[in-house]
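# Overview (structure and organization)
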There are 2 protein chains.
Amino acid sequence: MDAPMSEPGPLTDLVKALRALPGVGVRTARRMAYHLLQNDPQAARALSRALSDAIEGLVHCERCNGFSQTPICVVCSDSGRDQSLLCIVETPSDQNSIEATHNYLGLYYILMGRIAPLEGVGAQELNLKRLLDRVSDGRVEEVILATNFTSEGETTAHYLGEALRARGLKVSRLARGVPAGSELEYVDAGTVAWAMMERKPA
Amino acid sequence: MDAPMSEPGPLTDLVKALRALPGVGVRTARRMAYHLLQNDPQAARALSRALSDAIEGLVHCERCNGFSQTPICVVCSDSGRDQSLLCIVETPSDQNSIEATHNYLGLYYILMGRIAPLEGVGAQELNLKRLLDRVSDGRVEEVILATNFTSEGETTAHYLGEALRARGLKVSRLARGVPAGSELEYVDAGTVAWAMMERKPA
Ligand SMILES: [Zn+2]
Ligand SMILES: [Zn+2]
């Protein structure tokens, strides 16, 4: 249902703004708007504040590319971590999946995406030059490719494997304990831990 | 995936705030947060502003209970509308559905819900006293019950029909052109227009 002329502007604007959320169409946006305004204005205020705080307060970590409140994030700043190991993941959720195993003590690089030629996302769009700079710090010895076991994730792993080996780095891939076709985020911690331990040269 | 200790606070807060949206679980909230921060910070800013503008700028219209920027909304303020006809709907979306027929020129009352005993929503929770005050303005002659043709909508129509008839008002119900069990919001304008014209004494 389109907005009629009589709908108040702030409501029309809110519905439009909610549609920027991934997977939210106009009907869902409208229901979200009515729900917040009618039943939970406090949650609407909290969401408004959380959005602006996150936008103003977060930057990309200079080392791992993840979201951070400081130029170098808490993980990258942790001197107790093994500086010679770098695990490459697609998203912060994937990093969370690996952290949840409490079994990996190296560092990360978060691609914030993956190579997807059909969507026009190549090495340049992913800013992979930044990753290649990162691995050239003289301390990284092994890179673990932990992109998803989807077709885009495998393409990305293949591309990165070639580029990183060409720089003389040891490159490994998570073991295929992860069911083919699935995404890391949806795999239980035990399986991820096992795949991490069983990683093989790529 | 729960947030690890290493996740920056503003990101954890944003994920938590997004979960207040109806139908949004933690995984979806996390994807929404990453998407906004990574790909569309401008949309995040716009959503933040739209939420606070809507919360600060909208009130419930004193006459129809709908969302409005002014104490009396533009529909209720329109002297060209038939003041003797009052159509009762569950939500602003349902009002939009009827407006879209360009066939109804009376006024509205928006319940912002429906009687749902199983959810603990009765006449009091819906503030039906306010509706009964509204219809006692001396100008309303006929009330059209346009609640949904669901079991809660029918219960609400039945309850309202009795209360309104007891006050000497003529009460009608949308004709059953609307398929039983369906919700107004999902019915095409032609069907709604037909059901409006064929309305019967209730
Ligand atoms: Zn970092
Ligand atoms: Zn009004």
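Anything mentioned here points back to the structure above.
Described below are features of the structure shown in this document. Source: prediction; values computed, not measured.

The rules behind these values
Residues numbered from 1 in each chain as written. Chains lettered and ligands numbered in written order. Predicted model: local features only at pLDDT ≥ 70, side-chain atom pairs only at ≥ 80, totals over all residues. Heavy atoms only, no water. Donors = N, O, S within 2.8 Å, 3.2 Å for Na, K, Ca; no water. Tetrahedral: all angles 85-135°; square planar, octahedral: opposite > 155°, others 65-115°. Helix = DSSP H or I, 4+ residues; strand = E, 2+ residues; numbered from the N terminus. Buried < 20%, exposed > 50% of the residue type's maximum accessible area, 1.4 Å probe, protein only. Least-squares fit on C-alpha atoms with pLDDT ≥ 70 in both. Contact = heavy atoms within 4.5 Å. Salt bridge = Lys/Arg side-chain N within 4 Å of Asp/Glu carboxyl O. Pairing = 2+ DSSP bridges. Axes fitted to C-alpha atoms, helices over the stretch in contact; angles between N-to-C directions. Polar contact = N/O pair within 3.5 Å; in protein donor to acceptor, adjacent residues only side chain to side chain.

Glancing now at the coordination of the zinc ion (ligand 1). Residue and element names in this part refer to chain A. Coordination sphere of the zinc ion (ligand 1), protein contribution only: Cys61 (SG), Cys64 (SG), Cys73 (SG) and Cys76 (SG), at 2.2 to 2.4 Å. Metal-centred angles of 105 to 116 degrees between the four donor atoms at the zinc ion (ligand 1) mark the site as tetrahedral. Every donor residue of the zinc ion (ligand 1) comes from the same chain, spaced as C-x2-C-x8-C-x2-C. One end of the pair, Cys64, is in the loop between β1 (59–60) and β2 (67–68); the other, Cys76, is in the loop between β2 and β3 (82–89), with twelve residues separating them in the sequence. Here Cys64 matches Cys76 in class, with each residue buried.

Once chain B has been moved 0.0 Å along the axis and rotated by 180 degrees, it coincides with chain A to within an RMSD of 0.1 Å. These values place the two chain copies in the arrangement generated by a two-fold rotation axis. Closest approach to the rotation axis among the C-alpha atoms of chain B is made by B:Ser48, whose C-alpha sits 2.0 Å away. Here 100% of the interface residues in chain B have copies in chain A that are interface residues too; the copies meet face to matching face.

With that out of the way, let us pick up the pattern of salt bridges. Residue and element names in this part refer to chain A. One pass over the structure, following the stated rule, counts 22 salt bridges over all chains. A salt bridge links Arg81 to Asp78; the nearest nitrogen and oxygen atoms lie 3.9 Å apart. Its relative accessible area of 11% is what places Arg81 among the buried residues. One salt-bridge network, held together by shared partners, links Arg63, Arg134 and Asp137.

All names here are of chain A. Pairing within the open sheet is mixed, and its five strands lie in the order β4-β3-β5-β6-β7. Both outer strands of the open sheet, β4 (106–110) and β7 (200–201), are each paired with one neighbouring strand and no more. Bridge count for β3 against β4 is five bridges, and the pairing is parallel. Bridging from a neighbouring strand, Val89 pairs with Ile110 of β4. Sitting on the sheet, helix α6 (residues 151–165) is in contact with β3, β5 (142–145) and β6 (170–173), with an inclination near 165 degrees to β6.

This part covers the coordination of the zinc ion (ligand 2). All names here are of chain B. Within the protein, the zinc ion (ligand 2) binds to Cys61 (SG), Cys64 (SG), Cys73 (SG) and Cys76 (SG); these donor distances fall in the range 2.3 Å. If you look at the zinc ion (ligand 2), its four donor atoms make angles of 105 to 116 degrees with each other, and the shape they trace is tetrahedral. The motif formed by the donor residues of the zinc ion (ligand 2), counted along the single chain, is C-x2-C-x8-C-x2-C.

Residues and elements named next belong to chain A. On the secondary structure map, Ser172 appears in strand β6. At 2.7 Å, the side chain of Ser172 forms a polar contact with the side chain of Glu142. Here Ser172 is in contact with Glu142, Val143, Ile144, Leu145, Arg199, Lys200, Pro201 and Ala202, once residues within four sequence places are set aside.

Residue and element names in this part refer to chain B. Taken together, five strands build an open sheet; the order of strands is β4-β3-β5-β6-β7 and the sheet is mixed. Both edges of this open sheet fall to β4 (106–110) and β7 (200–201), since each of them pairs with a single strand only. Both strand β6 (residues 170–173) and β7 contribute to a ladder of two bridges, which runs antiparallel. Note on β7: the bridge partner recorded for Arg173 is Lys200. Those strands touched by helix α4 (residues 92–99) are β3 (82–89) and β4, and its axis lies near 160 degrees from that of β4.

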